[in-house]
Amino acid sequence: MKLITAIIREVQLDKVREALIEADIKRITVSRVSGHGQQRIEEMYRGQIIVPDLIPKIRIEIGVNDAFVDITVNAILKAARTNGEGNVGDGKIFISPLEECIRIRTGERGGTAI
Amino acid sequence: MRNSGKKYLLIMMLLFISSTGLFAADNTHIDSGATAWMLTSTALVLLMVPGLAMFYGGLVRSKNVLGTIMHSFVAMGIISVLWVIVGYSMCFGKNILGGWFGWNSDYFFLKGIDTNILDAGIPEYVFTMFQGKFAIITPALIAGAFAERVNFKAYCFFITIWSLLVYNPLCHWVWASDGFLFHLGAKGAIDFAGGTVVHISAGVSGLVAALFLGSRRGYPYQVIRPNNMVITMLGAGLLWVGWFGFNAGSSVSSGLSTAQALTATQVAAASGALSWILIESMHQGKATALGFASGILAGLVAVTPAAGVVQPYGAMILGFLASFVCYSAIQVKNKLGYDDSLDAFGIHGVGGVVGAILLTFFIRPSWMHEAAAAVGGKWNLWNQLGVQGLAVTIAIVYAAVMTFIIISILNKFIKFKSTETDEMAGLDRSYHGERGYGMLNPS
């Protein structure tokens, strides 16, 4: 089992969700986060250019069985990359080992609980 | 040299004294009670526009909250300027072009009304500012039909042209002393405070625009939920309060008819709101805050044309009927699947028609007697029903056809609908470069 964490643009959330649903990945957690990577954006505030330290992003977390890792990653890659070849700020995907998964309602553990 | 300077001063003083004397003579005609109430009403109607901004702003997704609020606010800018330049003249000038709209060169930039006092005892400036607020809120109402998917620049051009070609002519027909609907039948088509001019025209135009633009991305499969019901409720509250200026101010006096309109307004809003949550509870089990707010609006919209002629029992029934019909209209919309995002047609269009037609059954007898006397014989409610039906039909057809023409032509120059990227990013970021709720993220 793996935990896939993707940091994407806010704007791409709808597209990523649609792509995931199409790939039959329907159990996800989404949160609003702030952070910064390579991307630098400029905003106007009363006519003055400002560069916010932290940029709002969306974090998606998905626990998957090993067989689904590539399907999930491909769906996110396809939908979160902007303008075909991608732009700075499109985000990142992290994959980490997932030790255990427990469904609270039944108490069942492991791959079937995902 | 010094002497001539003194003489000049003396002449100036004399001129000043004589001119103040002139003003004093005019001032004697001012009814300060009526003027005070009309000034208050003007402020109350203006307050409805930020109220509407909050009502609509709370109902959209968080990425569109500022863009939606701006739809109302920018109308305060555009239409106010337009109103002073030509709007008042087109609405309340003398018939031109066969009565299509009015024109009076004294009203151009309001340059000739500086010292005018109307027969009602109020300065003409107060009347023109009061009427100008109606011109502001009407195009702002339309924005509810195509919320979350319209290009800001195109919207600005749209409300400018719409105000000139749809609102001003309709306003002239219904409210100007030589407008043709003002003289329809025995005592004219009844539209006390703008059921036809404001709500039907805005609602129908909204429907046409919503159908023309098509639905939002993902509608209706993707759930689109309000971002902040709290500001929606605050907005609904401001609209209710402001409506006292809208309806009771439309008597253009401070007296009996003002009190009648004020009472009818309160009763209809309350009965509309209660009816909506009762219907909703029976239909789906819960009384929602949005339902209560929608009921307030449905009741207020329906009583708008009627406030001058119905008694409290009539206003109560109108409020109930409006909520019942509007609630049903929204269920039908959900079945048909067109995207009238915030139900501008479902509430303002449908509620306006309900009010303008059904008010006929609740007209106070004294009005009917006056109508009969005016026509020099008999005048019953079926005669008046015909007049109301005709006025409503004319308003619907005119607003629908003109809106379609305006959007079709405008769309050739600026794409009216947001691009998919702009829509996904949200109106706030795409057209204003701002975020409504920065505080949700640390920044």
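The rules behind each value
Residues numbered from 1 in each chain as written. Chains lettered and ligands numbered in written order. Predicted model: local features only at pLDDT ≥ 70, side-chain atom pairs only at ≥ 80, totals over all residues. Helix = DSSP H or I, 4+ residues; strand = E, 2+ residues; numbered from the N terminus. Rg over C-alpha atoms; globule rule 2.2 N^0.38 Å. Buried ≥ 20, exposed ≤ 12 C-beta atoms within 10 Å, placed from the backbone. Contact = placed C-beta atoms within 7 Å. Pairing = 2+ DSSP bridges. Axes fitted to C-alpha atoms, helices over the stretch in contact; angles between N-to-C directions. Parallel < 35°, antiparallel > 145°, perpendicular 65-115°, else oblique. Left-handed = near helix turned anticlockwise from the far one by under 90°. Nonpolar A, V, L, I, M, F, W, Y, C, P; charged D, E, K, R; others polar.

Asks: Describe in detail the overall build of chain B, supporting the description with residues and values.
Replies: Counting its regular elements, chain B contains 15 helices and two strands. Radius of gyration (C-alpha) of chain B: 23 Å, near the 22 Å computed for a compact globule of 443 residues. Dimensions of chain B along its principal axes, counting C-alpha atoms only, are 85 × 65 × 40 Å. Counting every position in chain B, which comprises 443 residues, the buried fraction comes to 52%. For chain B, contacts bridging at least 24 residues in sequence account for 79% of all contacts bridging at least 6.

Asks: Please set out the overall build of chain A residue by residue, giving values where relevant.
Replies: When its secondary structure is counted, chain A shows two helices and six strands. Put simply, chain A runs from its N terminus to its C terminus through helices and strands in the order β-α-β-β-β-β-α-β. Taken along the three principal axes of its C-alpha coordinates, chain A extends 55 × 30 × 20 Å. Taken over 114 residues, chain A has a buried fraction of 18%. Taking the contacts inside chain A whose residues are at least 6 apart along the sequence as the reference set, 72% of them involve residues at least 24 apart.

Asks: Requested: an account of the pairing of strand S5 (residues 55-64) of chain A, with residues and values cited.
Replies: Residue and element names in this part refer to chain A. By the bridge criterion, seven bridges tie strand S1 (residues 2-8) to S5 in an arrangement that is antiparallel. Note that in S5 the partner of Ile4 across the bridge is Ile62. Sheet analysis places strand S2 (residues 29-35) next to S5, joined by seven bridges and oriented antiparallel. Pairing of Gly35 across the sheet is with Ile55, part of S5.

Asks: Quick one: what's the story with the packing of helix H2 (residues 32-59) of chain B against helix H4 (residues 124-142) of chain B, residue by residue and with numbers?
Replies: All names here are of chain B. Following both chains from N to C, one finds H2 and H4 inclined at 15°, their axes separated by 9 Å at the closest point. By the angle class used here, H2 and H4 are roughly parallel. The handedness of the crossing between H2 and H4 is left-handed. Residues Thr35, Met38, Leu39, Ser41, Thr42, Val45, Leu46, Met48, Val49 and Leu52 of H2 pack against Val126, Met129, Phe130, Lys133, Phe134, Ile136, Ile137, Ala140 and Leu141 of H4. Taken together, the residues of the contact of H2 with H4 sort by class into 15 nonpolar, three polar and one charged.

Asks: Describe the environment of Phe413 of chain B, and please don't skip the residues or the numbers.
Replies: Residues and elements named next belong to chain B. Counting through the fold element by element, Phe413 comes out in helix H13 (residues 381-413). Exposure remark for Phe413: the 9 C-beta atoms within 10 Å place this residue in the exposed category. Remark: the alpha-carbon pair of Phe413 and Ala154, spanning 259 residues in sequence, is separated by 8.8 Å.

Asks: An account of the sheet that holds S1 of chain A is requested, with residue identities and associated values reported.
Replies: Residue and element names in this part refer to chain A. Strand order across the open sheet formed by four strands is S2-S5-S1-S6, with antiparallel pairing between neighbours. Edge positions in the sheet fall to S2 and strand S6 (91-97), since each has one partner strand and no second. Neighbour-to-neighbour, the strand axes of this sheet turn through a mean angle of 25°, independent of strand direction. Sheet topology note: the S1/S6 ladder contains seven bridges and is antiparallel. In the strand pairing of S6, Ile4 is matched with Ile95. The strands that helix H2 (residues 69-80) touches are S1, S5 and S6; relative to S1, the one it contacts most, it runs at about 5°.

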